[in-house]
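For reference, the chains in residue letters:
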Amino acid sequence: MNVTESATVAINSRALEKRARGERVYNLSAGEPALPPHRAIVAAAKKALDEGKTGYPPVAGVPELRRMAAQWMNSVHDTQFSWTNTLVTPGGKFGIFAACQALVEPGDEAVIVAPYWVSYPTIVKLFGGVPVIVQSTESGGWIPDSADIEAAFTAKTKVVILNSACNPTGALYSRTLLGKILAAAQKRGIIVISDEVYSGLVYEGAFVSCGVFSEYRDSVIVINSCSKNFAMTGWRVGFFCAPEELVKVVTMLLSQSVSGASTVSQYAALGALEHAQEITEEVRDAMRTRRDLFVVAGLPAAPAGLYSFAPLASLGATENDSAAFCERLITEKNIAAVPGSAFGAERYVRFSFGAAEEELKDALEVLLK
């Protein structure tokens, strides 16, 4: 099969294995806000269990959750989705997977901006697609040029995958930039898949959703989730927002694969959405405090997201091989981090600041001494 293991999952698994053997491991690999679940989430899950809501869910999602998710997107991000444009998926990642399964045929091209989330190219390849990479630069704030993206379009381009706020860089795309990309894509009949799962974790600047552009709504898929917004990573609840015809197609794909997201998790997500502003603010404030530990340590501070994307040179490394550097890091210092090569940006390393504060402080002390 044309597939490789996710680099972040592989490194996180290795860190957990070392920890299970009793070793002191500093796990800065996983993009997970390490916080206990909010009381509203726990209460909603318990209520669902007490009421016996444990059977198969509607494949497209519990109707109340679809409605509330659309309302949440519209309220927070000024989008214009109805519940019929909204599908519940088992995590945001599966939403991206299903979008590519629905749209990408063998030989089709998918334009992806680097640094990119590690799974985008592999997901595209799974369906016979060809990733076409457009490189952004640190000197440019990791913001792509719309002209470079449009120059990558060919007669074979089927989709563009955007990620703002970006994993791993934290870059935020402006309304002007998004408008230019969407206009160029629609002109050529290209669908834009906008991964917006870090939209709630913005510390500086403003987040703009691709869903705000009513003139491009027929050519945009927006992916969001509960994982980062509400610190609900293990609950696996995502939202797929798109034109109704695409929602119907992806619902059929769900019916023939995972049969929908966990019923109890969906009711927990309802509890989160009922207290969305409160929970997101709590998560964001906690992550901002943790991010600032990296600022004090002199490492790059992302304006959004959960990561510090640091040049190897800033860590005193003379090598350019980020995979070799991360291997040495976990072997010699028991610090788990993800090499920049996994994101399409060699000579960099990604550290997650989602771990508990004391864990971060101890890890930075070991890393920088």
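Everything here concerns the structure above.
Residues numbered from 1 in each chain as written. Predicted model: local features only at pLDDT ≥ 70, side-chain atom pairs only at ≥ 80, totals over all residues. Heavy atoms only, no water.

A.B. asks: Explanation requested: helix 7 (residues 175–187) in the structure shown.
C.D. replies: For an α-helix, 3.6 residues make a turn, and residues three or four places apart therefore share a direction. Along its 13 residues, helix 7 runs 18 Å from first to last C-alpha, staying within 8% of the 18 Å computed at 1.5 Å per residue. Along helix 7, the positions that sit buried rather than exposed are Leu177, Leu178, Gly179, Ile181, Leu182, Ala184 and Ala185. Residues of helix 7 that are buried sit in contact with helix 6 (146–151), strand 5 (157–163), strand 6 (191–195) and strand 7 (220–225). Taken from the residues just after helix 7, Gly189 is the one with a positive phi, measuring 75°. (Helix = DSSP H or I, 4+ residues; strand = E, 2+ residues; numbered from the N terminus. Expected span 1.5 Å × (residues − 1). Buried < 20%, exposed > 50% of the residue type's maximum accessible area, 1.4 Å probe, protein only. Contact = heavy atoms within 4.5 Å.)

A.B. asks: Where do I start with helix 5 (residues 119–126) in this structure?
C.D. replies: With respect to burial, helix 5 is a largely interior element, 6 of its 8 residues being buried. The inward-facing, buried residues of helix 5 contact helix 4 (92–103), strand 3 (109–114), strand 4 (130–135), strand 5 and strand 6. Within two residues after helix 5, Gly128 carries a phi angle of roughly 85°, on the positive side.

A.B. asks: I'm lost on the nonpolar core in this one. Help?
C.D. replies: When a protein is soluble and globular, its nonpolar side chains tend to lie buried together. In this structure, Ile221, Phe230 and Phe351 are the most contacted members of the largest nonpolar core, which totals 134 residues. Sequence-distant contacts of Ile221, that is, excluding residues within four places in its chain, are made with Ala99, Leu103, Ile191, Val192, Ile193, Ser194, Phe240, Cys241, Ala242 and Leu246. (Core = buried A, V, L, I, M, F, W, Y, C linked by side-chain atoms within 4.5 Å.)

A.B. asks: Would you mind showing me how to read the sheet that holds strand 3 here?
C.D. replies: Backbone-to-backbone hydrogen bonds join strands into a sheet, with any given pair of strands oriented parallel or antiparallel. Here 7 strands make up an open sheet; going across it, the order is 2-8-7-6-5-3-4 and the pairing mixed. If you trace the sheet from one side to the other, it starts and ends with strand 2 (86–89) and strand 4, each paired once. Each strand axis lies, on average, 20° off the axis of its neighbour in the sheet, ignoring direction. Note: strand 7 against strand 8 (residues 238–241), 4 bridges, orientation antiparallel. The residue bridging Ser225 from the neighbouring strand is Gly238, located in strand 8. (Pairing = 2+ DSSP bridges. Axes fitted to C-alpha atoms, helices over the stretch in contact; angles between N-to-C directions.)

A.B. asks: How should I be thinking about the pattern of salt bridges in this particular structure?
C.D. replies: All told, the structure shown has 16 salt bridges when counted by the stated rule. In this structure, the salt-bridge partner of Glu23 is Arg21, at a minimum N-O distance of 3.3 Å. With relative accessibility at 57%, the residue Arg21 sits in the exposed group. With its nearest N and O atoms 2.8 Å apart, the salt bridge here joins Lys158 to Asp108. Of this pair, Lys158 sits in strand 5 while Asp108 sits in the loop between helix 4 and strand 3, and the two are 50 residues apart along the sequence. Taking the relative accessible area as the measure of exposure, Lys158 reaches 24% and is therefore partly exposed. Here the salt bridges do not stand alone but share partners, grouping Arg19, Arg24, Glu359 and Asp362 into one network. (Salt bridge = Lys/Arg side-chain N within 4 Å of Asp/Glu carboxyl O.)

A.B. asks: I'm lost on the pairing of strand 12 (residues 348–352) in this one. Help?
C.D. replies: The side chains of a regular strand alternate, first on one face of the sheet and then on the other. Within strand 12, 5 of the 5 residues are buried, which leaves the element mostly enclosed by the surrounding structure. Here strand 12 shows two buried faces, one formed by Tyr348, Arg350 and Ser352 and the other by Val349 and Phe351. Relative to strand 12, strand 9 (residues 307–311) runs antiparallel, the two being bridged by 5 bridges. Among the inter-strand pairings, Phe309 is bridged to a residue of strand 12, identified as Arg350. By the bridge criterion, 2 bridges tie strand 11 (residues 338–339) to strand 12 in an arrangement that is antiparallel. When the sheet's bridge partners are listed, Val338 is paired in strand 12 with Arg350.

A.B. asks: Explanation requested: the sheet that holds strand 12 in the structure shown.
C.D. replies: On the basis of which strands lie adjacent, the open sheet formed by 3 strands has the order 9-12-11 and antiparallel pairing. In the strand order of this sheet, the two ends are held by strand 9 and strand 11, each with one partner.

A.B. asks: Just to check I follow, could you spell out the packing of aromatic side chains for this structure?
C.D. replies: Within a pair of aromatic rings, the relevant descriptors are the distance that separates the centres and the angle that separates the planes. All told, the structure shown has 14 aromatic pairs when counted by the stated rule. When the centroid spacing of 5.2 Å and the interplanar angle of 75° are considered together, the rings of Trp142 and Tyr348 count as edge-to-face. Linking Trp142 in the loop between strand 4 and helix 6 with Tyr348 in strand 12, this pair joins segments that are 206 residues apart in sequence. Plain terms: the ring middles of Phe309 and Tyr348 are 5.1 Å apart, the flat faces sit at 5° to each other, and that makes the pair stacked. Residue Phe309 is located in strand 9, and its partner Tyr348 is located in strand 12; the two are separated by 39 residues in the primary sequence. (Phe/Tyr/Trp six-rings, centres within 6.5 Å; stacked < 30°, edge-to-face > 60°.)

A.B. asks: Before we go on, may I ask you to explain empty space enclosed by the protein in this structure?
C.D. replies: Vacant regions in the atomic arrangement are exposed by a probe of water-molecule size rolled over the atoms. As enumerated under the stated definition, the model contains 1 cavity of 30 Å³ or more in all. Approximately 50 Å³ is the volume found for the largest cavity. Residue lining of the largest cavity: Ile112, Val113, Pro115, Tyr116, Tyr120, Ile161, Leu162, Asn163, Cys166 and Tyr173, and that is the complete set. Residue assignment for the lining of the largest cavity shows that the elements contributing at least two residues are strand 3 and strand 5. The greatest single-element share of the lining of the largest cavity, amounting to 3 residues, is contributed by strand 5. Looking at the lining of the largest cavity residue by residue, the class counts come to 9 nonpolar, 1 polar and no charged. (1 Å grid on protein atoms, 1.4 Å probe; cavity = no way out; pocket = protein on both sides within 12 Å on 5 of 7 lines; lining within 4 Å. Points joined across faces, edges and corners; volume = space filled by probe spheres on them. Nonpolar A, V, L, I, M, F, W, Y, C, P; charged D, E, K, R; others polar.)

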